Every structure is written in C-alpha cells, then in structure tokens.
Protein chains: 2
Amino acid sequence: MSKSIFYHAGCPVCISAEHDIIDLIGAENVEIVHIGEKRDRIPEAENYGVNSVPALVTPKGNVLHLNFGASISDVKG
Amino acid sequence: MSKSIFYHAGCPVCISAEHDIIDLIGAENVEIVHIGEKRDRIPEAENYGVNSVPALVTPKGNVLHLNFGASISDVKG
C-alpha cells in the first residue's frame, strides 16, 4: 500500500495523536479508520499486528503504537 | 521548533521505529537523539514529557510514544 493507515477509536488520546500525525505526514498520506464505528475493519487491524489504538500502520506494514488509548479487546467490547 | 525530535536509546524497537519515522516524515524533518549516548539530553526529553523510548516530540511539543523499547528510568540506570 502507498498510504499509511491510522486506526483509532475516538478516544481523546486517539484524536490528539490523529492531529499530530496529520500535521507530520499530511492528510493526503494517511487513511483514518475509526474501528469503533467501522467494526468490520478490526480484523484487518489485528492482522497488521495492532494491539491498541491509536496506531499507525506504515506503507511497509510496520505498526507504530502511538501512546495508549485503548486495547483492541476494549474496542471489541 | 520546526523539526521533530526522535529520542531513542539504541534498542531494537528504537531502531525499527527510527527507520519508520524517517521513511514517513523525511530525515531532514527530524533530529535523532540517542539519549543513551547523549545523556545530557535526558532532562530535555523528560521536560517534553517523554516517559519511554522510542518517542517523537512534534514541532508543537506533543509527545508520541512509539511502541515501547525502554523507560526513561531504565535509560538513566
């Protein structure tokens, strides 16, 4: 993939990190996915190795967990 | 400040995240600081709110802890 993907769940830590990432790499270079709302994207995030949100998956498929908002299991509820 | 600062301590998690950050935002946009070697920069990192490495401090002064390599107290030893 050419874009990064930023997974979040709407938490305050997530929103703050989202703003920072957009400032750093540009909105055009990142897809923002709210996995609390788009729950069908949760398995995709897990496959990349996302354990918590907010997290950024780079175009190379590496996961950067950014601070800590919520675990994936919390998002799944 | 205009550049971001990436603080690390040479750990494998740090090096991996360093490569990802350079790929994402460009080497010219980030200062890389090895606080295991430049120990006089540790207080500066702590003042920004860096609790663990690797961490990226954005030009706005926000801290993004990226994954987890080592705590600052571990680095201080």
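Please read these numbers as outputs of a predicted model, since none were measured by experiment.

*Asks:* Quick question: what am I supposed to make of the environment of Val13 of chain B here?
*Replies:* All names here are of chain B. On the secondary structure map, Val13 appears in helix H1 (residues 12–25). When the C-alpha positions of Val13 and Phe68 are compared, they lie 6.9 Å apart, and in sequence the two are 55 residues distant. Look past the residues within four positions of Val13 in its chain and what remains in contact with it is Pro54, Asn67, Phe68 and Gly69.

*Asks:* Looking at this model, I keep getting lost on the packing of aromatic side chains. Mind explaining?
*Replies:* Two aromatic rings are characterised by how far apart their centres lie and by the angle between their planes. Residue and element names in this part refer to chain A. As enumerated under the stated definition, the model contains one aromatic pair over all chains in all. Taken together, a centroid distance of 6.5 Å and an interplanar angle of 45° make the contact between Tyr7 and Tyr48 tilted. One end of the pair, Tyr7, is in strand E1 (residues 4–8); the other, Tyr48, is in helix H2 (residues 42–48), and 41 residues separate them in sequence.

*Asks:* I would appreciate a short explanation of helix H1 (residues 12–25) of chain A in the present structure.
*Replies:* Note that an α-helix has 3.6 residues per turn; residues three or four places apart therefore point the same way. Residues and elements named next belong to chain A. The end-to-end C-alpha separation of H1 is 20 Å, in line with the 20 Å expected for 14 residues at 1.5 Å each. Within the sequence span of H1, burial applies to Cys14, Ala17, Glu18, Asp20, Ile21, Leu24 and Ile25. Looking one or two places after H1, you find Gly26, whose phi comes out positive at around 90°.

*Asks:* Explanation requested: the relation of the copies chain A and chain B in the structure shown.
*Replies:* Mapping between the two chain copies consists of a rotation about an axis together with a translation along that axis. Overlay of chain A on chain B (RMSD 0.0 Å): rotation 180°, translation along the axis 0.0 Å. The two molecules are tied by a two-fold rotation axis, judged by turn and shift. Closest approach to the rotation axis among the C-alpha atoms of chain A is made by Leu66 of chain A, whose C-alpha sits 2.5 Å away. Interface overlap between copies: 100% of the residues of chain A at the interface are likewise at the interface in chain B, consistent with a symmetric, same-surface contact.

*Asks:* What exactly am I supposed to notice about the interface of chain A and chain B here?
*Replies:* By a frequent convention, interface size equals the accessible area lost on bringing the separate parts together. The interface is formed by 17 residues belonging to chain A together with 17 residues belonging to chain B. For the pair chain A and chain B, the summed buried surface comes to about 1,300 Å²; carbon and sulfur atoms form 55% of the total. Three residues, Leu24, Leu64 and Asn67 of chain A, lead the burial of chain A against chain B; their summed loss comes to 41% of the area buried on that side. At the junction of chain A and chain B, the tally comes to two salt bridges. The salt bridge involving Lys60 of chain B is made with Asp23 of chain A; its shortest N-O contact spans 2.7 Å. Here chain A is connected to chain B by eight residue pairs in polar contact (both at pLDDT 80 or more). The leading source of residues in the side of chain A that touches chain B is H1 of chain A, at six residues.

Quick notes on the rules
- Residues numbered from 1 in each chain as written.
- Chains lettered and ligands numbered in written order.
- Predicted model: local features only at pLDDT ≥ 70, side-chain atom pairs only at ≥ 80, totals over all residues.
- Heavy atoms only, no water.
- Helix = DSSP H or I, 4+ residues; strand = E, 2+ residues; numbered from the N terminus.
- Contact = heavy atoms within 4.5 Å.
- Phe/Tyr/Trp six-rings, centres within 6.5 Å; stacked < 30°, edge-to-face > 60°.
- Expected span 1.5 Å × (residues − 1).
- Buried < 20%, exposed > 50% of the residue type's maximum accessible area, 1.4 Å probe, protein only.
- Least-squares fit on C-alpha atoms with pLDDT ≥ 70 in both.
- Buried area = accessible area lost by both parts, 1.4 Å probe.
- Salt bridge = Lys/Arg side-chain N within 4 Å of Asp/Glu carboxyl O.
- Polar contact = N/O pair within 3.5 Å; in protein donor to acceptor, adjacent residues only side chain to side chain.

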